[in-house]
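Here is how the chains run, residue by residue.
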2 protein chains.
Amino acid sequence: MELSNQLHTDTGWEFYERTFDPQQVVTTGSNFMIGNGYLGYRGTLAEWDAEQHVACVVADTWDTAEPGRLTELCNVPNPLYFQVRVGDETLSAFAGATTDYARAMDLRCGLFSRRSTWQGRAPGAITIEEEKFASYDDIHLLAMRYRVTAQQDTEISVLTGIDGRVWSISGEHFRHTEAHTLGDAADLIAMDVVTVEEGTLIRVAEGLNITGSVPVHASVREVERRVLREMTFRLRAGDTITFEKFASVQHSNGVADSQAGALACVERARDQGFEALLAAHRQCWERMWAVSDIRIEGDLESQLLARFNVFHNIIHTPSHARLPVGARGLSCQVYQGAAFWDQETFNLPMYLYTQPELARHLLEYRYDTLDGARRKAERLGYSGAFYAWTSGKTGDELFPDFFFTDVLTGRPIRNHFNCWQIHISPDITYALWLYYDATGDWDFIERCGAEIAFEIARFIGSRVHLRVDLDRYELIRLLGPDEYHENVDNNAYTLYLSHFAVDRALVLYEQMQQRAPEQLRALRARIGLTDEELSYWRDILHRLYLPQPDADTGLIEQFDGFFGLEDTTPAELRQRLIDPGEYWGWPNGVAVHAQVLKQADLLQLFALLDDFSPAVMRANYEYYEPRTEHGSSLSPSVHALIATKAGLQDEAWRYFMEAATIDLYSRSKKVMSGGSFLGGIHTAACGGIWQVIVRGFAGFEIHDGALHFAPHLPARWQQFSFPLAFRDNHLEVTIDAGGVTVSAAAANQAAVPVVVGQQQLDVTPGSTETLFA
Amino acid sequence: MELSNQLHTDTGWEFYERTFDPQQVVTTGSNFMIGNGYLGYRGTLAEWDAEQHVACVVADTWDTAEPGRLTELCNVPNPLYFQVRVGDETLSAFAGATTDYARAMDLRCGLFSRRSTWQGRAPGAITIEEEKFASYDDIHLLAMRYRVTAQQDTEISVLTGIDGRVWSISGEHFRHTEAHTLGDAADLIAMDVVTVEEGTLIRVAEGLNITGSVPVHASVREVERRVLREMTFRLRAGDTITFEKFASVQHSNGVADSQAGALACVERARDQGFEALLAAHRQCWERMWAVSDIRIEGDLESQLLARFNVFHNIIHTPSHARLPVGARGLSCQVYQGAAFWDQETFNLPMYLYTQPELARHLLEYRYDTLDGARRKAERLGYSGAFYAWTSGKTGDELFPDFFFTDVLTGRPIRNHFNCWQIHISPDITYALWLYYDATGDWDFIERCGAEIAFEIARFIGSRVHLRVDLDRYELIRLLGPDEYHENVDNNAYTLYLSHFAVDRALVLYEQMQQRAPEQLRALRARIGLTDEELSYWRDILHRLYLPQPDADTGLIEQFDGFFGLEDTTPAELRQRLIDPGEYWGWPNGVAVHAQVLKQADLLQLFALLDDFSPAVMRANYEYYEPRTEHGSSLSPSVHALIATKAGLQDEAWRYFMEAATIDLYSRSKKVMSGGSFLGGIHTAACGGIWQVIVRGFAGFEIHDGALHFAPHLPARWQQFSFPLAFRDNHLEVTIDAGGVTVSAAAANQAAVPVVVGQQQLDVTPGSTETLFA
Ligand SMILES: [Ca+2]
Ligand SMILES: [Ca+2]
């Protein structure tokens, strides 16, 4: 079927384009990208380079090029570069005539493919077929098959190797670049780079198998940061040369010997060949899809979109190590490859019920960076753990004091994401509690979770202020999810999440007392936790201000005084812009003094905590939605989720489609980022789509160890199904107009209680039950 | 002697100009103005009108022309208008030839005079001599003598009467204007106006005595908001016509029948004549100067400047009623004729020891506006009394949420003077305590002072936040005197003043318990004061955070984090301005992220509370002074005062001269005010000069009922003297190189203890003692 944005899908497992649109080089490079949580390789054509934003972004390679520049992940040298020449012409999508063009992404196994037939000035067209994947079987491996077919007798020359002319948003990250010819037969090439700040040694190695022809001439040469094989082939009409290329990217933060490791990986891959490697990689994806795939009947577009978003949530999440998922994942350097609160609230929930070990990794990453959060708290005059708004390797704050530039004055703007958006810390307690609730992983609590929760409660204890005259604790000077309003007091979202975080810290304390008193004693001693602090937390729990829904209207004020701001609309404010690139928020943007939101705090609150009635959710949805500008890609999926819970199905569908297509249909808002590259995958929206479908359309919640469903089947869908992992039990859930069908895997250890409306059933191992809504 | 700015003085009692500078119409109109605390009449020429900013600004006539415009005092119709015509030419300072020009101000009795000889196209020059004063004997009265002398035979026509074509900064204040011919002989004219908002009926009445000639033709006519007598005179060479003009301005907020009152006043004045009225007015000034005059020997310029500033502090302070002294007094409508914190901290201290009843008036005005302060507190979510930043009749906040306009974007700026600059309230407690300390006026405490102090302490109790983890109360989100930094925490000035205010509230509570238990009981009942509140105040007193001087450097940080801001200079920041009219502060002005001050909080603190050693004052002076831009006219006098106390005499002299000449030498900073008129007298600087001389150069302080002096005689002065009233005793203090000489009036009731250095003496009634420094 034809989708929007010149895209097509046939099965809901793949999407492809047949038109090459030079205007969309940035967005298609993200949408067609491959990746495996260790590296992301953009979905560009093999003949391209930095100018077309070719990039291979690698996890755990953070570097700061120079003081004052942003810390970011490295774009490493590109080992998949190909150049084909006929006479003095170079094959290009931008010159000559291209026919028979197609670029496709097979989501089932993360395989990029592309075909094009090119006609230059010389007679005889050349057909290129390109396939590549980032292996899940060996995360360091990129494998590629590049086929060249001549339609007439011709001589072509091929340049291929490693292109080290990488681009970066925030400066030159490599203080040293060196090329090598290596391997048993001296037929491997490699490029070593050393990063400026950390001295990380990154090796990119490459090896080639060539079949179908033998070069009449071959050499290797180094030219301006490239190490290239140059080969000449004489082809007869119909001849196809197949290049199988195997590249390995290894760095000293991840492996002991990145140089030897990369060589061994390429040698091994070359021995196995492309097909065998693809088969092993495909098996990995089969295992992942078995626990993750959402199947939708009745609307092929929804099916493709669901898979696209789940796929991207997966490939940007490191599975090999305790590393964060970035706001743009591994699709580019924007947002620094760093974790934001999106990680816990948008990306992580899917893993709880699909690959809980990935959720654990993300939380262990927060444990590994606890010292950074402690340093940040101390630096700002607080105690405990104030997590970085932008968190990289160490957990020290990566978000700069001055981020945006005022387009009207050229002056830097001191936005306060890094110091006032404190909800990042309680958001982490929220996620760790979700993880514990979904998995029952007590070991994690003992090792990491309790300490994180205690330090976050401690931070909140140092951040609240007591209004003695009102007998309540308040949170002053905040920046909530609605980032257009900085410097607000008693932001409802932050208050509720902070209350939740203190409450769960105390619950975990009690459980530690029961289950691990020795470990608790040691932990108390190590972090200096006292009984006075625990009493203080209890006092905060009792006296923290929690704004209640208005008795008449059901509305909760987003923060103190919000309802007193100018009541207007995003459309009206847009008219007031002097420059379309203006930031709407701090310090004096058009939304600052208006009831216009970047994203809705209250809906975000409802998305996390289920303490609010459908009527309250609906009242607040109807109030805040028309006032929301959706300046954040996090906003639409939350609207979809809450619209569903509030019984507003048309709204839910509209926002579901908006959230699901942000990237694929190039609908993302292009915000000024200080850098030049504005693309990349909005990974939070990807994680949000899983939540809209499973938590929204299926109405999935856990209460007291039972799985609850409150389905709202979208009108266009006949049914949808998804797997759920819950405490070592595996279930398959199918929702259709008739109800909810739950199948339990035969290997399950226990019956799983399932609730739909008033019905409750225990689904025993190997059985299938249907509950009617 | 010749002063700066084309000014001269001969005796130190008067100043005059002999050059007419059309560029200085705005500033000379203020500098040469007359006034009596009830009205201010700008020092313009009688032939001028709105175009030259003629204005008669009248106390207690606040009006808001339309919603959204600033509330301000009215410019009433001008009854002193004269136009002289020879043929078809009108006598003017701007056309024709003017010789023999002089404009003078006699500060001794507040008499404006002006002379000029004008030559038009017709042969024969005309000499004008104009004198006018605003009577202190009858505050409603303006008296004028206008003499016209012909040097050749000529016929002149004179137009004089009431010019109702007034200008206002913030809209048309009169919804009704009506002219009358009135009086026993129908020879008085009057103009009645009714204000838009309050319906205040203001009458301006005028009567004339003419000697030296008799008009050959006379009529009265009304033309476009003017009611004018038109007279024709035939003059022989050397003839002088003398017009004595008597005008009365009365309004329904001040008198029961403003219409009859104004008529009676003019009739009475016309009966007495200019000379007799001037004699009575002069006597009033003699009484005022007897208690206020600072006599300086050795530098005539200093002498004149001291008197100029004391004179202006006096004429802008209402003495007839419980009304505020405006930041620009009665010199124009800028700053709305409203009280700011300047009133208590800059204007009032002089009165404590010169005319304590005026200090009491100002504080009674704060009592009268206590309900407005209560309303403001309640509206913003606090208790007690949060005084208006800009306070008019009712004490409700007159400062608008949006005051400045960003010159770079045209967008309004939400400055937070009205809601974050909370020190206004404790500043009032400070002043009432000073008053009580200087006068011992217990009656005032019982009637007004205790209630004000309790409600201010109550406000502070609702404004502090307890940091439980740090065991201290804090004040969050402040705007201190350094207005370039909004939204700061723990501003030292505000913390110390708040501590002082709570402390004095508790002291007054104890004294009320002792001296007026019944009244205390009634007051407690009326304002609902509880024992719990008193305990709470004591807790605040003990745990309010008071930033201490650094043990090594002696520095006190102006607010949390100030020392972490960019360390630069005002000159450097000036280079960064995109537009010279930019506001340097909120939201993103050049000083926001820099250690550059509008005025120095710490020096201001030292100016009020004497809890700090000279070494600490000096360290902070030396740190903050180079970083101060002096964007406020309050800044130089405080620098002079603290430089003196810190032993930096050159600095003190430099800033004394700067502060003393802000207006007279036209050195004020022209800040954007939202209106078109930027002039006016900086009354706070005037009050500040008295403080620099008496509190600074004489080192006068009161401790435990004794008068302390720590003199620092400026190098250019041989000696200086000033009167001091202290608890019904009158003293004359003379400082010279030898020491401090104190003469006690024979009528004093008690000996006054005086301390200089280690010496202490009781100066008995009628005696004179000299103490050596
Ligand atoms: Ca080497
Ligand atoms: Ca009438």
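Given the structure is predicted, the values throughout are model-derived calculations rather than measurements.

Reading guide: rules and limits
- Residues numbered from 1 in each chain as written.
- Chains lettered and ligands numbered in written order.
- Predicted model: local features only at pLDDT ≥ 70, side-chain atom pairs only at ≥ 80, totals over all residues.
- Heavy atoms only, no water.
- Helix = DSSP H or I, 4+ residues; strand = E, 2+ residues; numbered from the N terminus.
- Expected span 1.5 Å × (residues − 1).
- Buried < 20%, exposed > 50% of the residue type's maximum accessible area, 1.4 Å probe, protein only.
- Axes fitted to C-alpha atoms, helices over the stretch in contact; angles between N-to-C directions.
- Parallel < 35°, antiparallel > 145°, perpendicular 65-115°, else oblique.
- Contact = heavy atoms within 4.5 Å.
- Nonpolar A, V, L, I, M, F, W, Y, C, P; charged D, E, K, R; others polar.
- Donors = N, O, S within 2.8 Å, 3.2 Å for Na, K, Ca; no water.
- Buried area = accessible area lost by both parts, 1.4 Å probe.
- Salt bridge = Lys/Arg side-chain N within 4 Å of Asp/Glu carboxyl O.
- Polar contact = N/O pair within 3.5 Å; in protein donor to acceptor, adjacent residues only side chain to side chain.
- UniProt positions renumbered as here; feature names shortened; annotations may be inferred.
- Least-squares fit on C-alpha atoms with pLDDT ≥ 70 in both.
- Pairing = 2+ DSSP bridges.
- Domains from an automatic or database assignment.
- Core = buried A, V, L, I, M, F, W, Y, C linked by side-chain atoms within 4.5 Å.

A. A look at helix 9 (residues 424-439) of chain A. All names here are of chain A. With 16 residues, helix 9 ought to run about 22 Å at 1.5 Å a step, and its terminal C-alpha atoms sit 23 Å apart, in line with that. Of all 16 residues in helix 9, 14 are buried; the element is thus mostly enclosed. The positive-phi residue at the C-terminal boundary of helix 9 is Gly440, with phi of around 65 degrees.

B. Broad picture of the packing of helix 4 (residues 300-315) of chain A against helix 5 (residues 342-352) of chain A. Residue and element names in this part refer to chain A. Helix 5 packs onto helix 4 with a crossing angle of 95 degrees between their chain directions and a minimal axis gap of 11 Å. Between helix 4 and helix 5, the angle falls in the class roughly perpendicular. Touching Val310, Asn313 and Ile314 of helix 4 are Asn347, Met350 and Tyr351, all from helix 5. A breakdown of the residues in the contact of helix 4 with helix 5 according to their chemical character gives four nonpolar, two polar and no charged.

C. Expanded view of the coordination of the calcium ion (ligand 2). Within the first shell, the calcium ion (ligand 2) binds the protein through Glu178(B) (OE) and His180(B) (ND1), at distances of 2.5 to 2.9 Å. Assessed through its relative accessible area of 19%, His180(B) is described here as buried.

D. Quick peek at the interface of chain A and chain B. With 37 residues of chain A in contact, the opposing surface of chain B contributes 37 residues. Carbon and sulfur atoms supply 51% of the area buried between chain A and chain B, which totals about 2,700 Å² over both sides. Our enumeration of links across chain A and chain B arrives at four salt bridges. Across the pair Glu582(B) and Arg411(A) runs a salt bridge whose closest N-O atoms are separated by 2.8 Å. One can count 18 residue pairs in polar contact (both at pLDDT 80 or more) joining chain A with chain B. Sorting elements by how many residues they give to the side of chain A that touches chain B places strand 20 (residues 465-467) of chain A first, with three residues. Grouping the constituent residues of the side of chain A that touches chain B by class yields 18 nonpolar, 10 polar and nine charged.

E. Region of interest: the environment of Gln511(A). All names here are of chain A. Secondary-structure assignment places Gln511 in helix 11 (residues 492-515). Spatially, the C-alpha atom of Gln511 lies 49 Å from that of Val590, the residues being 79 residues apart in sequence. Filtering out sequence-adjacent residues up to four positions away, Gln511 remains in contact with Tyr436, Trp442 and Ala516.

F. Representation of the UniProt feature "active site" (unreviewed entry) in chain A in the model. All names here are of chain A. Here the UniProt feature "active site" (unreviewed entry) sits at Glu483. Considering the arrangement of structural elements, one finds Glu483 in the loop between strand 21 (472-474) and helix 11. With a relative accessible area of 10%, Glu483 lands in the buried category. Excluding its chain neighbours within four sequence positions, the residues that come into contact with Glu483 are Trp389, Phe417, Gln421, Tyr583 and Lys598.

G. Main features of the relation of the copies chain A and chain B. Taken as rigid bodies, chain A and chain B are interconverted by a rotation of 180 degrees and an axial shift of 0.0 Å, the fit giving an RMSD of 0.1 Å. Taken together, the turn and the small shift mark the pair as related by a two-fold rotation axis. A shared binding surface is used by both copies, with 100% of the interface residues of chain A retained as interface residues in chain B.

H. Spatial organisation of helix 16 (residues 614-624) of chain B. Looking only at helix 16 of chain B, the buried set comprises Val616(B), Met617(B), Ala619(B), Asn620(B), Tyr621(B), Tyr623(B) and Tyr624(B). Buried residues belonging to helix 16 of chain B abut helix 15 (601-608), helix 17 (635-645) and helix 18 (649-660) of chain B.

I. Looking closely at the pattern of salt bridges. According to the stated counting rule, one finds 122 salt bridges over all chains in the structure shown. Glu629(A) serves as the salt-bridge partner of Arg574(A), at 3.3 Å between the closest nitrogen and oxygen. With Arg574(A) in helix 14 (residues 570-576) and Glu629(A) in the loop between helix 16 (614-624) and helix 17 (635-645), the pair connects residues that are 55 residues apart, well separated along the chain. Look at Arg574(A) and you get partly exposed, because its relative accessible area is 42%. Glu629(A) gets classed as buried once you look at its relative accessible area, which sits at 10%. Put simply, Glu66(B) and Arg69(B) hold a salt bridge, and the shortest N to O gap is 3.9 Å.

J. Up close: the pairing of strand 10 (residues 126-134) of chain A. All names here are of chain A. For strand 10, the tally of buried residues reaches eight of nine residues, placing the bulk of the element in the interior. Between strand 9 (residues 111-119) and strand 10, which pair antiparallel in sequence order, lie six residues; one of them, Gly124, sits at a positive phi of approximately 95 degrees. Note that strand 10 and strand 11 (residues 141-150) share nine bridges and pair antiparallel. Bridge pairing in strand 11 places Glu130 opposite Tyr146. Between strand 10 and the antiparallel strand that follows it, strand 11, lie six residues.

K. Focus on the domain arrangement of chain A. Residue and element names in this part refer to chain A. In terms of domains, chain A is made up of domain 1 (32-292), domain 2 (295-697) and domain 3 (703-771). In this complex, domain 2 contributes 24 residues to the contact, which on the side of domain 3 involves 19 residues. At the boundary of domain 2 with domain 3, total buried surface from both sides reaches about 1,800 Å², with 53% on carbon and sulfur atoms. Of all residues in domain 2, the largest losses of buried area upon contact with domain 3 belong to Arg295, Glu297 and Phe697, amounting jointly to 33% of the total for that side. If you look at where domain 2 meets domain 3, you find one salt bridge. When the shortest N-O distance is used, the salt bridge between Glu732 and Arg295 registers 1.8 Å. On inspection of domain 2 and its partner domain 3, the count reaches 10 residue pairs in polar contact (both at pLDDT 80 or more). Tallying contributions element by element places helix 19 (residues 683-697) first for the side of domain 2 that touches domain 3, with five residues. Counted by class, the side of domain 2 that touches domain 3 contains 11 nonpolar, eight polar and five charged residues.

L. Just the UniProt feature "binding site: substrate" (unreviewed entry) in chain A, in detail. Residue and element names in this part refer to chain A. According to UniProt, the "binding site: substrate" (unreviewed entry) feature falls on Trp341, Asp342, Lys598 and Gln599. Tracing the sequence through the fold places Trp341 in the loop between helix 4 and helix 5. Overall, Trp341 belongs to the buried group, its relative accessible area being 3%. Those residues in contact with Trp341 that sit more than four places away from it in its chain are Phe346, Trp389, His423, Ile424, Asp427, Pro481, Tyr493, Gln599, Gln604 and Leu634. Considering the arrangement of structural elements, one finds Gln599 in the loop between helix 14 and helix 15 (601-608). Setting aside chain neighbours within four positions, we find Gln599 in contact with Trp341, Pro481, Asp482, Gln604, Thr628, Ser632, Leu634 and Ser635.

M. How the structure looks around the sheet that holds strand 4 (residues 39-41) of chain B. Strand order across the open sheet formed by three strands is 3-4-5 (chain B), with antiparallel pairing between neighbours. The sheet is open, and its two edges are formed by strand 3 (34-35) and strand 5 (56-58) of chain B, each paired on a single side.

N. Broad picture of the pairing of strand 12 (residues 154-163) of chain B. All names here are of chain B. The element strand 12 is largely enclosed, with a buried count of eight among its 10 residues. Pairing geometry for strand 6 (residues 78-86) and strand 12, over seven bridges, is antiparallel. Its bridge partner being in strand 12, Arg85 is matched across the sheet by Ser157. Pairing of strand 12 with strand 17 (residues 226-235) involves 10 bridges; the strand directions are antiparallel. By the bridge assignment, Ile156 is partnered in strand 17 with Phe233.

O. Summary view of the side chain of Ser633(B). Relative to the helices and strands, Ser633(B) resides in the loop between helix 16 and helix 17. Among all residues touching Ser633(B), those that are not within four sequence positions of it are Ile662(B), His682(B) and Ala685(B).

P. Inspection of the nonpolar core at higher detail. Counting 503 residues, the largest nonpolar core has Phe454(A), Phe656(A), Phe709(A), Phe454(B), Phe656(B) and Phe709(B) as its most contacted members. When residues no more than four places from it in sequence are discounted, the contact partners of Phe656(B) are Ser302(B), Ala640(B), Ile689(B), Val692(B), Ile693(B), Phe697(B) and Trp717(B).

Q. Looking closely at the sheet that holds strand 9 of chain A. Residues and elements named next belong to chain A. The 10 strands lie next to each other as 1-2-8-9-10-11-18-15-14-13, forming an open sheet whose pairing is antiparallel. Across the chains shown, the open sheet's two edge strands, defined by having one partner strand only, are strand 1 (7-8) and strand 13 (174-182). Judged from the seven bridges that link them, strand 9 and strand 10 form a sheet pairing that is antiparallel. Residue pairing in the sheet places Ser116 in a bridge with Ile128 of strand 10. Together, strand 11, strand 13, strand 14 (188-195), strand 15 (201-211) and strand 18 (240-251) form the strand contacts of helix 2 (residues 258-272), whose direction differs from that of strand 15 by roughly 20 degrees.

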